[in-house]
Structures are given as C-alpha cells and as structure tokens.
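Breakdown of the fold
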Amino acid sequence: MKPKYLNIKNNTAYIRDVNLVDVAKEFKTPLYVFDQVELEDNMKLFINNFSSNNFNCHTVYASKAFLVPALCELLVKHGLWMDAVSLGDLYVAYKSNFPMEHIIFHGNNKSKEELEFAIEHNCVIVVDHLEELKLLNMICESKQKYINTMFRVNPGIDAHTHKFIQTATFVSKFGESIFDDVTIENIMKEYLNSTYVKLLGFHSHIGSQIQELEPFLLNVSKMLSFSKSIMDKYNYKLTSINFGGGFGIPYISNDKPLNKELTAAKMIELITSLGNEIGWVPEDVFIEPGRSIVGNACVTLYTCGDFKHTYGDKNYQFIDGGMTDNIRPALYSAEYACDIANKMTDEKCVVCDIAGKCCESGDIIIYNALIPNPNPGDILMVYATGAYNYSMASNYNNILKPAVVFIDKTPKKVAKREILDDLLRLFK
Ligand SMILES: Cc1ncc(COP(=O)(O)O)c(C=O)c1O
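Residues numbered from 1 in each chain as written. Predicted model: local features only at pLDDT ≥ 70, side-chain atom pairs only at ≥ 80, totals over all residues.

1. Describing the overall build of the chain
For the record, the criterion: For helices the rule is a DSSP run of H or I covering at least 4 residues; for strands it is a run of E covering at least 2, with both sets numbered from the N terminus onward. C-alpha atoms define the radius of gyration in this analysis, and the globule rule sets the expected value at 2.2 Å times the number of residues to the power 0.38. Exposure criterion: with C-beta atoms placed from backbone coordinates, a residue whose C-beta has 20 or more other C-beta atoms within 10 Å is buried, one with 12 or fewer is exposed, and one in between is partly exposed. For every residue pair, C-beta atoms are placed from the backbone, and the pair is scored as a contact if these atoms sit within 7 Å.
The number of helices and strands found in the chain is eleven helices and 21 strands. By the compact-globule yardstick of 22 Å for 428 residues, the chain fits well, its C-alpha radius of gyration being 23 Å. With the C-alpha coordinates aligned to their principal axes, the bounding extent of the chain is approximately 70 × 55 × 45 Å. The buried share of the chain, taken over its 428 residues, is 45%. Considering only contacts in the chain between residues 6 or more positions apart, those separated by 24 or more positions represent 70%.

Structure, rendered in structure tokens:
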C-alpha cells in the first residue's frame, strides 16, 4: 500500500515535494524512507479517536515495530506513551529523554537487571507470570520501592491472523489464561500480600495485523468482565485496563484495511456502555498500536541489479538488500507491493520475483511482482515497510544495516548506514 502523500511527477515518485530518486542518490540504497507527516498523522489519529470524557485514554506506541530517537521525539510531541520489551528498548528511550514513567515494560522472560532498571525509572511493568511477580516483589521489598504493574492475561480470542503472530490462545507463551482459576488465584494472593507492587489492571494483546473490528470488541468485553470479576472476588481495586495492539494495515491492494478511527471509537463506546452496565468503568485505558503507526509511512528504496531469466522460466530482479532489511516475507510469508520509482507511469509488463542478495533461496521480498521493464540502476521502491523491518534487520552474510531517513520538509538522516568497521566493533 502506497504512502499517503505519494505523488508522481515526470514518471518519478515523490513523497509530497521530495523526489525519491534524488533521496536514493543522496543517501544511497538500501534505504528506509519515512514520511514524517504520515507518521504524525497516524499518531494524531489514535490520540484524537481513542479519547473519552469518561476516562483517561493512553495510546502506547509499541516500539518493537520501529524505534529510533527521532521517533521518540515525535511520540513525546504528540503525547503517546511507549511499550518497551528489553533493556535495549529502555536504554534507547532513556537516552532519547523519553519520560520513563510513560513506558509500559513487557516481556515473558525479563531479567533481574531489566526489572531493576524499569523499577528505578518508574516504568509500568507488565508482569507475565507468577515467578516474575515474586521476583519483582523481592526486588521492590529490598529497595523499599513502590511500583505499578499490569498483569498480562490471555482472553482466549482467535484473531484470525497468521499463526506465528497469534498471542492470546490457550497455549501462548505470553501471560496466563483468564480461565486458569488456580494460577490467577495464586497471582492475586501474591498481589494481596505485596506491600510495594501494585496491580493497576490487566493487559491483553490478542494478535497482530487484525483486519476486523469484532476481535477488538470481544477483547474489550472479555477483559472488562474478567477485571470486574477479579475486583469482586478479591476485593482489589483496579484502575486500569490495557487492550494491547494489533490494528492491521494494508500491505497489498487486496488487503481490506481496518478502519482505525471506527475501531478506536467503537472500543471507547463499548468500554463506556459495558463498564456502566457491569459497574466498573476504568480510570485509565491503554492501547498499544505499533504497526499501524509506522507501517504504511515508510518505503524501502533499493537499487536494481541484474535481471535473471532462468532455464526453468522464472524471472528474478535482483536488489541490493533483501531479507536482512526485511525478514517478514521469509518469516511470516508477508506480502508487499512495489514500483520502480523512476518508472512510475511506464507500462508494467514484466513478472518476476524481487530477490535479495543473501545466500538463501528464500530471500525473496516479493513473489510474482509485476513491474515495468527493469534496468540495472533503477530504484525499486517497496511499500509499507515501516513496521518490523528496521527493528528486525540483521547482519546475515555481514550485510550492513541500511540508513533511515525521515522526510519532513526536506529529508534528514535519523539513523546512519552501518559501515564495515561496525562489523568488527565487537571483536576488538
Ligand atoms: C504486547 C504487545 N503490544 C503491542 C504490540 C503491537 O502490535 P502491532 O504492531 O500489531 O500493533 C505487540 C506486538 O507484538 C505486543 O506483543
């Protein structure tokens, strides 16, 4: 799916007034190019639509999708919180002057070091299981430090997504099932006996790239009812609830995009109506969109290498990047769309696989792409690469991580391209 402000002039792709072929020349390829305006539009969309007069709403950006300090600045500017998963995420946020008390810290196997850092900086910790809660209690007691937590549960919702990105089934590695009464009882006992560790409320995340409204509403109703039942059963006041992320985006033209405005508004409506009906309207409500903030706002620019026609009649267009900058096609069979940025109005007449340069047959970014007649040196542009591309980039084959550019009025580099010496940095 093309960026919102993509223009075509003289057969060439632009983001607003910025010529992408020039950007490729200036910053070299492969290159992740984000439109800052679209990024900010997406942030504003959630802030404006996920809002209520009856309770506080918090949009927590899931930084696993993409994190650089320049993005942290935009999150702060628009009042978003951040979801972090590792000491590395916490450290980048801290060094980017992100308000640490606005961080929701996740993870199914947090280390003591990670917990201590999160406690010291007053992050909200999402506890995954009982043993972790016990460790947290121990650390907080020894430091005599109060900490706010949520507890991650699985409401058992099948969000019809790719099985690798389903996270709330009964066998998920994340959280505990809301139907597991014994485990929940042990967890609540631990909270009731704890002086320093406070449970604000429960967290769930039902999957990723969800394109329908219904699973989000089902999650709201299950989680509200579950929270109320726990409050009643254990006489424990909860103030918060967190519904996670998963708001799907369009990647290819066949994708039916989720209406994010409507989804946010309907969730708010249901929290209010059901909350009033069951007698518990939370004070603070959180959602954690990642992909839907950054995914569509980015294109990856590659320089075309040679075109190969095989004996078996398959065509390949080689590019100067591949699975090292976009692992999702190999990992999840994710689909992408592309164009040639310097041939935007040329007739599309060639079918080929867009193949990376890694030593893997599966290093294909797009199968059966339809493109204009390609030439070496053309700039191939893959759409919707903002989420889980840069953050999942690797150095396989000792390939260097690309740079990242944000286009505001002009393009500016927000992450440098790796250089060969970066590959040796750890061995010195
Ligand atoms: C706990 C949690 N919150 C939020 C997200 C963000 O999901 P998405 O990028 O699909 O919105 C994830 C993704 O895995 C997650 O695990």
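2. Describing the nonpolar core
Note the threshold: Only buried Ala, Val, Leu, Ile, Met, Phe, Trp, Tyr and Cys residues enter a nonpolar core, and they are joined through C-beta atoms within 7 Å. Domain segmentation is taken from an automatic or database assignment of domains.
Counting residues in hydrophobic clusters, the biggest one holds 115 residues, and the most contacted among them are Leu20, Val33, Ile103, Leu301 and Met381. In terms of domain composition, this core takes at least three residues from each of domain 1 (6–35 + 295–427) and domain 2 (106–288). Here Leu20 is in contact with Ala13, Tyr14, Ile15, Val33, Leu301, Ala341, Ile379 and Met381, once residues within four sequence places are set aside.

3. A few points about the confidence of the model for the chain
Under the convention used in this document: Values of pLDDT, ranging from 0 to 100, describe the predictor's confidence in every residue of the model.
Looking at the chain as a whole, its pLDDT mean stands at 96, while 98% of the residues score no less than 70. For the chain, strand S10 (residues 176–177) is the element with the lowest average pLDDT, namely 95, and strand S4 (residues 31–35) is the one with the highest, namely 99.

4. Regarding the site of the ligand
For the record, the criterion: In this text, near has one meaning. A residue is near a molecule or strand if its C-beta atom, placed using the backbone, is within 6 Å of it. Residues are sorted three ways: Asp, Glu, Lys and Arg are charged, Ala, Val, Leu, Ile, Met, Phe, Trp, Tyr, Cys and Pro are nonpolar, and all the rest, Gly among them, are polar.
In the region of the ligand, 19 residues are neighbours, and Ala62, Ser208, Gly245, Gly290 and Arg291 sit closest. Its residues assigned to classes, the shell around the ligand shows five nonpolar, ten polar and four charged.

5. Points about the pairing of strand S6 (residues 81–84)
Basically, it comes down to this: At least two DSSP bridges between two strands are needed for those strands to be called paired. Orient the strands so they point away from the viewer, and a crossover whose first-strand-to-second-strand path over the helix runs clockwise is right-handed.
With burial as the criterion, each face of S6 is covered, one bearing Trp81 and Asp83 and the other bearing Met82 and Ala84. Both strand S5 (residues 56–62) and S6 contribute to a ladder of three bridges, which runs parallel. Note on S6: the bridge partner recorded for Tyr61 is Met82. Once the chain exits S5 it traverses helix H3 (residues 69–78) before rejoining the sheet at S6, and the crossover so formed is right-handed. Pairing analysis gives three bridges linking S6 to strand S7 (residues 103–105), with the strands arranged parallel. Across the sheet, Met82 pairs through a bridge with Ile103, a residue of S7. The parallel pair S6 and S7 is bridged by helix H4 (residues 87–95), and the resulting crossover is right-handed.

6. Section: H3
Filter applied, for reference: The arc in question is traced by the directions running from the helix axis to the C-beta atoms.
Considered for burial, the residues of H3 that qualify are Leu71, Cys72 and Leu75. The buried residues of H3 all sit within an arc of 105° when viewed along its axis, so they share a single face. Elements that come into contact with the buried residues of H3 comprise S5, S6 and H4. Positioned one or two residues after H3, Gly79 has a phi angle of 75°, which is positive.

7. Notes on the domain arrangement of the chain
You can read the domains of the chain as domain 1 (6–35 + 295–427) and domain 2 (106–288). A C-alpha centroid distance of 36 Å is found between domain 1 and domain 2. Grouping the constituent residues of the side of domain 1 that touches domain 2 by class yields five nonpolar, two polar and one charged.

8. Re unusual backbone geometry
At the junction of Thr29 and Pro30, the peptide bond is cis and its omega measures out at -10° in the coordinates. Along the polypeptide, Pro30 turns up in the loop between helix H1 (20–27) and S4. A positive phi angle, close to 70°, is found at Lys28, a residue other than glycine. In this fold, Lys28 is placed in the loop between H1 and S4.

9. Considerations on the sheet that holds strand S1 (residues 6–9)
By definition, the strands of a sheet pair up through backbone hydrogen bonds, in either a parallel or an antiparallel sense. Within the open sheet, the three strands sit side by side as S1-S2-S3. Their pairing is antiparallel. Every other strand in the sheet has two partners, leaving S1 and strand S3 (18–19) as the edge strands with one partner each. Direction of pairing for strand S2 (residues 12–15) relative to S3: antiparallel, over a ladder of two bridges. Counterpart to Tyr14 in the pairing with S3 is Asn19.

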